Amino acid sequence: MKGVKLMRGNNFSEDSTASDGAIRVWRNARLATLKEGSARLGTVEKGAILTKDGRIVFAGSEADLPDVSNADAIDLEGRWVTPGLVDCHTHIVYGGNRAREFEMRLEGASYEEIARAGGGIVSSVNATRALSVDELVAVALPRLDTLLAEGVTTIEVKSGYGLNIPSELKMLRAARRLEEVRPVRVVTSYLGAHATPAEYKGRNGDYIDDVVLPGLRQAHAEGLVDAVDGFCEGIAFSTAEIARVFDLARSLGIPVKLHAEQLSNLGGAKLAASYGALSADHVEYLDEDGVKAMAAAGTVAVLLPGAFYAINEKQKPPVKALREAGVSIAIATDSNPGTSPLTSLLLTMNMAATLFRLTVEECIAGATREGGRALGLLSETGTLEAGKSADFAIWDVESLAELVYRIGFNPLHAHVFKGKRFNR
Ligand SMILES: [Zn+2]
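Note that this is a predicted model, so its numbers are computed, not measured.

**What about the overall build of the protein chain?**
From N to C terminus, the protein chain includes 15 helices and 18 strands. For 424 residues, the compact-globule estimate of 2.2 N^0.38 gives 22 Å, and the C-alpha radius of gyration of the protein chain, at 21 Å, lies within 12% of that figure. Projected onto the principal axes, the alpha-carbon positions of the protein chain cover approximately 70 × 45 × 45 Å. Across the 424 residues of the protein chain, 59% fall into the buried class. In the protein chain, the proportion of contacts linking residues at least 24 apart, taken out of those at least 6 apart, comes to 71%. Accessible surface for the protein chain amounts to roughly 16500 Å². Of this, 51% is attributable to carbon and sulfur atoms. Side-chain charges in the protein chain split into 46 positive and 54 negative, and the spacing between the mean points of these groups amounts to 2 Å.

Structural data, given as structure tokens:
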């Protein structure tokens, strides 16, 4: 439908000059294909992409383009094209916000005082429980739109602020709904083991028995769960408790991932790797043993510099050890109300470079191909290659380094999702 405004506040609108199933050739482009094993992000000067039925038929040098006499031609005027960005770790579905708590901390309040004033995760849980699915969608949309405006075409969304069965399911239904109302692929993670709610304080085992495990069975039965996540930390769940959740995930055939080694080293990444986890996320306190286990299992390290920045963490993830061991590195916003109220993957790239010394190539790969790998979606998206979904971002930049270098500037020209272009 021409003129349907899909991106509230961002002036995005679908460019529907061609109907579904159209064959389109996007020519006069400079491509960063991110093809595995290629040097320098798989760049192709004078490149072209041929798309049909929402999928990439060809991506490479314009000189090698197959016959396209029946295709709609789009001249990209020499612009850079990358795969659509992948934000592989977010918590964007939640009620309320924690601005007051942030303000109190700056004014010198202790964690105890904040907790007594109703702050902390409890406040997000209460606010989330109070909202309906429709309301959760409505409050998540501005956050999602901000990400889409930067060329994000795939996003992971976690539950974990419901902490009872109805509310965990409600969060997952809201996450699924986002995919219906915006041009984006949504991957859900069940994060019942995020925190223990007040009514189960000091009774983690009961909470897992009564809520986390039956909630997972129910959410899975309703087709709401693409992966199972947990928070393995002194303030959350032990490795033995997480193992109980992962055992059920394995028996249901659902892949796992884990918030691990964020504030201390409990061996969570090693545990996750032993379950063949897709990713271990945060990993600031990851040790050599954990690195080795992740390398052996092919578990991706998802670095979350927004959380590192927001909590003023000093311990950096072991980037050098990850590189040397050949562990894939992805980066994500960790967008959440408490420790990373961040809705910019471009800024995340800059933070990963500035705070963790990732290279430009690692940052761009981390927000595209490696994000796709961390979601188990690499055969579908994350690179510009024949056979994959036609998801890409078109940029008004002279060089790819500009995507990482600038702070608070968005050079997106347009994003293309499943072969359809959405103008900014
Ligand atoms: Zn997280």
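The structure having been displayed, the exposition proceeds.
**Points about the UniProt feature "binding site: N-formimidoyl-L-glutamate" (unreviewed entry) in the protein chain**
Per the UniProt entry, the sites bearing "binding site: N-formimidoyl-L-glutamate" (unreviewed entry) are Tyr161, Asn336 and Gly338 in this numbering. Their sequence span is 178 residues, while the largest C-alpha to C-alpha distance among them is just 11.1 Å; these annotated residues converge on one region. Mapped onto the elements of the fold, Tyr161 is located in the loop between β9 (152-158) and α5 (165-181). Classification of Tyr161 by relative accessible area gives buried; the value is 3%. Beyond its immediate sequence surroundings of up to four residues, Tyr161 is in contact with His91, Val93, Tyr94, Ile121, Ser124, Val125, Thr128, Glu168, Met171, His194, Asn336 and Pro337. With respect to the secondary-structure elements, Gly338 resides in the loop between β15 (329-331) and α12 (345-356).

**What about the packing of α5 against helix α6 (residues 204-221)?**
Orientation of α5 relative to α6, taken along the N-to-C sense of each, is 40°, at an axis distance of 9 Å. The orientation of α5 relative to α6 falls into the category oblique. Note that α5 runs across α6; the crossing there is right-handed. Where α5 abuts α6, its residues Ile165, Leu169 and Leu172 lie against Asp210, Val211, Pro214, Gly215, Gln218 and Ala219. Classifying every residue of the contact of α5 with α6 by side-chain character gives six nonpolar, two polar and one charged.

**Details of the coordination of the zinc ion**
Taken together, His89 (NE2), His91 (NE2), His259 (NE2) and Asp334 (OD) make up the full set of protein donors to the zinc ion, lying 2.1 to 2.4 Å away. Each of the four donor atoms bound to the zinc ion contributes to angles spanning 82 to 167°, and the resulting shape is irregular. As a motif over one chain, the donors of the zinc ion read H-x1-H-x167-H-x74-D. Across this residue pair, the class does not change: His89 and His91 are buried.

**Things to note about the domain arrangement of the protein chain**
When cut into domains, the protein chain gives domain 1 (13-83 + 383-423) and domain 2 (85-375). Measuring from the centre of the C-alpha atoms in domain 1 to the corresponding centre in domain 2 gives 30 Å. Of the residues lining the interface, 28 residues belong to domain 1; the matching set on domain 2 comes to 24 residues. Roughly 2000 Å² of surface becomes buried between domain 1 and domain 2 when both sides are summed, with 66% attributable to carbon and sulfur atoms. The largest contributions to the domain 1 side of the interface with domain 2 come from Val404, His415 and Phe417, which together make up 28% of the buried area. Remark: the boundary between domain 1 and domain 2 carries two salt bridges. Between Arg373 and Glu36 there is a salt bridge, and its shortest N-O distance comes to 2.6 Å. On the surface where domain 1 and domain 2 come into contact, there are nine residue pairs in polar contact (both at pLDDT 80 or more). Only β7 (80-83), β16 (392-395), α15 (401-405) and β17 (412-417) provide two or more residues apiece to the side of domain 1 that touches domain 2. Residues of the side of domain 1 that touches domain 2, tallied by class, amount to 17 nonpolar, five polar and six charged.

**Let's talk about the environment of Phe422**
Mapped onto the elements, Phe422 comes out in strand β18 (residues 420-423). With a relative accessible area of 3%, Phe422 lands in the buried category. Linking Phe422 and Leu400, residues 22 residues apart in sequence, is a C-alpha distance of 21 Å.

**A look at the packing of aromatic side chains**
Applying the stated criterion across every chain, the model contains six aromatic pairs. With a centroid separation of 5.2 Å and an interplanar angle of 90°, the aromatic rings of Trp26 and Phe392 are classed as edge-to-face. With a gap of 366 residues between them, Trp26 in strand β3 (residues 23-32) and Phe392 in strand β16 connect regions that are remote in the sequence. Given the relative accessible area of 0%, Phe392 is considered buried. Ring centres of Phe308 and Phe356 lie 4.9 Å apart, and the angle between their planes is 75°; on these two criteria the pair is classed as edge-to-face. A residue pair is termed long-range when its members are at least 10 positions apart, and Phe308 in helix α10 (residues 305-310) and Phe356 in helix α12 qualify at 48 residues. Neither Phe308 nor Phe356 differs from the other in exposure class; each is buried. Following the ring pairs from residue to residue traces out a cluster consisting of Tyr200, Tyr207 and Phe237. Sitting above the plane of the Tyr94 ring, Arg143 keeps its charged end 3.6 Å from the centroid.

Rules and cut-offs
Residues numbered from 1 in each chain as written. Predicted model: local features only at pLDDT ≥ 70, side-chain atom pairs only at ≥ 80, totals over all residues. Heavy atoms only, no water. Helix = DSSP H or I, 4+ residues; strand = E, 2+ residues; numbered from the N terminus. Rg over C-alpha atoms; globule rule 2.2 N^0.38 Å. Buried < 20%, exposed > 50% of the residue type's maximum accessible area, 1.4 Å probe, protein only. Contact = heavy atoms within 4.5 Å. Areas by Shrake-Rupley, 256 points an atom, 1.4 Å probe, with all protein chains shown as cover. Lys, Arg positive; Asp, Glu negative; His and termini not counted. Charge placed at Lys NZ, Arg CZ, Asp CG, Glu CD. UniProt positions renumbered as here; feature names shortened; annotations may be inferred. Axes fitted to C-alpha atoms, helices over the stretch in contact; angles between N-to-C directions. Parallel < 35°, antiparallel > 145°, perpendicular 65-115°, else oblique. Left-handed = near helix turned anticlockwise from the far one by under 90°. Nonpolar A, V, L, I, M, F, W, Y, C, P; charged D, E, K, R; others polar. Donors = N, O, S within 2.8 Å, 3.2 Å for Na, K, Ca; no water. Tetrahedral: all angles 85-135°; square planar, octahedral: opposite > 155°, others 65-115°. Domains from an automatic or database assignment. Buried area = accessible area lost by both parts, 1.4 Å probe. Salt bridge = Lys/Arg side-chain N within 4 Å of Asp/Glu carboxyl O. Polar contact = N/O pair within 3.5 Å; in protein donor to acceptor, adjacent residues only side chain to side chain. Phe/Tyr/Trp six-rings, centres within 6.5 Å; stacked < 30°, edge-to-face > 60°. Lys NZ or Arg CZ within 6 Å of the ring centre and 35° of its normal.

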